[in-house]
Amino acid sequence: MTSNAPGALVMPRPSATHQLEHNRGGLDIRDVGSGPTRVPALEAPSERRCDVLYECVLGLRNFNGNGAILA
């Protein structure tokens, strides 16, 4: 997937602090998202839910736990 493709949905990258803590091997950070052919099917609230789910599963949110329940 190309992160700069028009209409692509790209998830936020981990902060530098998060990368230092969880990527001690210094592995490459890649963009994660969905290509522009799938994004038109998502409404704006659905795009936000994808962002929240991604952040929760990766532990990017400031709470004690990893995971999310979407209703």
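This one's a predicted model, so the numbers in the text were calculated from it and none came from an experiment.

K.L.:
How would you summarise the overall build of the protein if you had to cite specific residues and measurements?
P.N.:
Scanning the protein from N- to C-terminus turns up 2 helices and 2 strands. Put simply, the protein runs from its N terminus to its C terminus through helices and strands in the order β-α-β-α. Every one of the 71 residues in the protein was classed for burial, and the buried ones make up 15%. Contacts spanning at least 24 positions in sequence make up 47% of the contacts within the protein whose residues lie at least 6 apart.

K.L.:
So what's going on with the environment of serine 15? Which residues, and what values?
P.N.:
Of note, serine 15 is situated in the loop between strand E1 (9-10) and helix H1 (16-22). C-alpha separation for the pair serine 15 and leucine 60, spaced 45 residues apart in sequence, amounts to 8.2 Å.

K.L.:
Explain a nonpolar patch on the surface to me, using residue names and the numbers behind them.
P.N.:
A grouping of Leu53, Val57 and Leu58 is seen on the molecular surface, where their side chains present a nonpolar patch of about 220 Å² in accessible area. By the element assignment, leucine 53 lies in helix H2 (residues 44-58).

K.L.:
Provide a residue-level description of H2, including the pertinent values.
P.N.:
Here H2 spans 22 Å end to end across 15 residues, near enough to the 21 Å set by a 1.5 Å rise per residue. For H2, the full list of buried residues reads Asp51, Tyr54, Glu55 and Cys56. Remark: glycine 59 follows H2 within two positions and exhibits a positive phi of approximately 80°.

Rules of the game
Residues numbered from 1 in each chain as written. Predicted model: local features only at pLDDT ≥ 70, side-chain atom pairs only at ≥ 80, totals over all residues. Heavy atoms only, no water. Helix = DSSP H or I, 4+ residues; strand = E, 2+ residues; numbered from the N terminus. Buried < 20%, exposed > 50% of the residue type's maximum accessible area, 1.4 Å probe, protein only. Contact = heavy atoms within 4.5 Å. Patch = residues over 30% accessible without salt bridge, like charges linked within 9 Å, V, L, I, M, F, W, Y side chains within 5 Å. Areas by Shrake-Rupley, 256 points an atom, 1.4 Å probe, with all protein chains shown as cover. Salt bridge = Lys/Arg side-chain N within 4 Å of Asp/Glu carboxyl O. Expected span 1.5 Å × (residues − 1).

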